[in-house]
Amino acid sequence: MTGHRVGVVVFDGVKLLDVAGPMEVFAEANRIGGTRYELVAVGEGEVTSSTGLAINVDADFGVDLDTVLVAGGDRLVGRAIEPELVGSVRELAARTPRVCSICTGAFVLAAAGALDGRRATTHWQHARLLAASYPRITVEPDAIWVQDGPVFTSAGVSAGIDLALALVEKDAGGEVARAVARSLVVFLQRPGGQSQFSPSTAHPRPRSDALRAVTDAVVADPGGDHSIARMAATAALSPRHLARLFRAELGMTPARYVEEVRIDAGKRGLEQGLSVADAARAAGFGTSESMRRAFVLRVGVAPRTYQQRFGSATGRAR
């Protein structure tokens, strides 16, 4: 490949791994794959990362790039992003052939209008906020990375490495990308999506007392009897009225809520070392096959696979 300049946008509080992870992928491709990526940090003045370590800025926003990556940071979420950063990114993105974001960097691209009418993703913790704040974006909360035309967005933090590997594969081919992945000891294509990392019941607390009584009872005893009739009795409501409350306040059916609580309980059991069968019984699934079907559908991986990835690391070292 010919020379290709990649710039990562940095700012005070930028997540260091959002910067270092993707840049290391491109640097490794240069080392072992013969690519010719030129890597630059783009920003203004002195930048201090999320860890307190300083980042040297190589170029201001007037630089010409082939690919721009906007890194993420905690301060980009839930508060206004300074207009100067948004404006600078808007102008840079408009003249750059390939535009990318890492993690919450999607909020900068969104504020700049670069994601309007496109599919995108971000960290699972903030996917709902991105969708609510920018309704012109189709947010895909389970995706590790998303391409929509020349615009790429990645999920949280380390997913920037996944995206960078995909970019290397597009630029230099699969063999180079696989060699880089092997060298960095990462998957070329990470198995599963973000759902395996996120809690299933990350919902706001219900406003109504009746619905709170029901959800509290389910969470307190996932393995209990949570039929629609029993839940309606707890709320002192008709089953139809209860179903309407679930849809209005939580955006789902009562059965779906119970399933999500039980999935979370199953996850905790697996993380603590229970067998799949014991975790299934404790969580209220009844059988391991029932839990397996729910995990594959909602989490994207089987319970045994989930346990291998997220169980206690004690004793794994060899």
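Quick notes on the rules
Residues numbered from 1 in each chain as written. Predicted model: local features only at pLDDT ≥ 70, side-chain atom pairs only at ≥ 80, totals over all residues. Heavy atoms only, no water. Helix = DSSP H or I, 4+ residues; strand = E, 2+ residues; numbered from the N terminus. Polar contact = N/O pair within 3.5 Å; in protein donor to acceptor, adjacent residues only side chain to side chain. Contact = heavy atoms within 4.5 Å. UniProt positions renumbered as here; feature names shortened; annotations may be inferred. Pairing = 2+ DSSP bridges. Axes fitted to C-alpha atoms, helices over the stretch in contact; angles between N-to-C directions. Parallel < 35°, antiparallel > 145°, perpendicular 65-115°, else oblique. Left-handed = near helix turned anticlockwise from the far one by under 90°. Nonpolar A, V, L, I, M, F, W, Y, C, P; charged D, E, K, R; others polar.

A. Molecular detail of unusual backbone geometry. Phi at cysteine 103 is positive, roughly 55°, even though this residue is not glycine. Secondary-structure assignment places cysteine 103 in the loop between β6 (98-101) and α3 (105-111).

B. Region of the structure containing the side chain of glutamate 28. For glutamate 28, the location among the structural elements is in helix α1 (residues 16-33). Within polar-contact distance, the side chain of glutamate 28 engages the side chain of arginine 31 at 2.6 Å. In this structure glutamate 28 touches Gly33, Val180, Ser183 and Leu184, once residues within four positions along its chain are discounted.

C. Examining the UniProt feature "domain: HTH araC/xylS-type" (unreviewed entry) in the protein more closely. Here, the residues flagged by UniProt with the feature "domain: HTH araC/xylS-type" (unreviewed entry) are residues 209-309. Segment residues 209-309 splits into 75% helix and 0% strand. End C-alpha atoms: 38 Å apart.

D. Just the pairing of strand β2 (residues 37-42), in detail. Relative to β2, strand β1 (residues 4-9) runs parallel, the two sharing six bridges. Looking at β2, one finds that valine 6 is bridged to leucine 39.

E. Up close: the packing of α1 against helix α6 (residues 174-184). As a packed pair, α1 and α6 sit with axes 9 Å apart at the nearest point and diverge in direction by 110°. Between α1 and α6, the angle falls in the class roughly perpendicular. Both α1 and α6 take part in a crossing whose hand is right-handed. For the pair α1 and α6, the contacting residues are Glu24, Val25, Glu28, Ala29, Arg31, Ile32 and Gly33 in the first and Val176, Ala179, Val180, Ser183 and Leu184 in the second. Its residues assigned to classes, the contact of α1 with α6 shows seven nonpolar, two polar and three charged.

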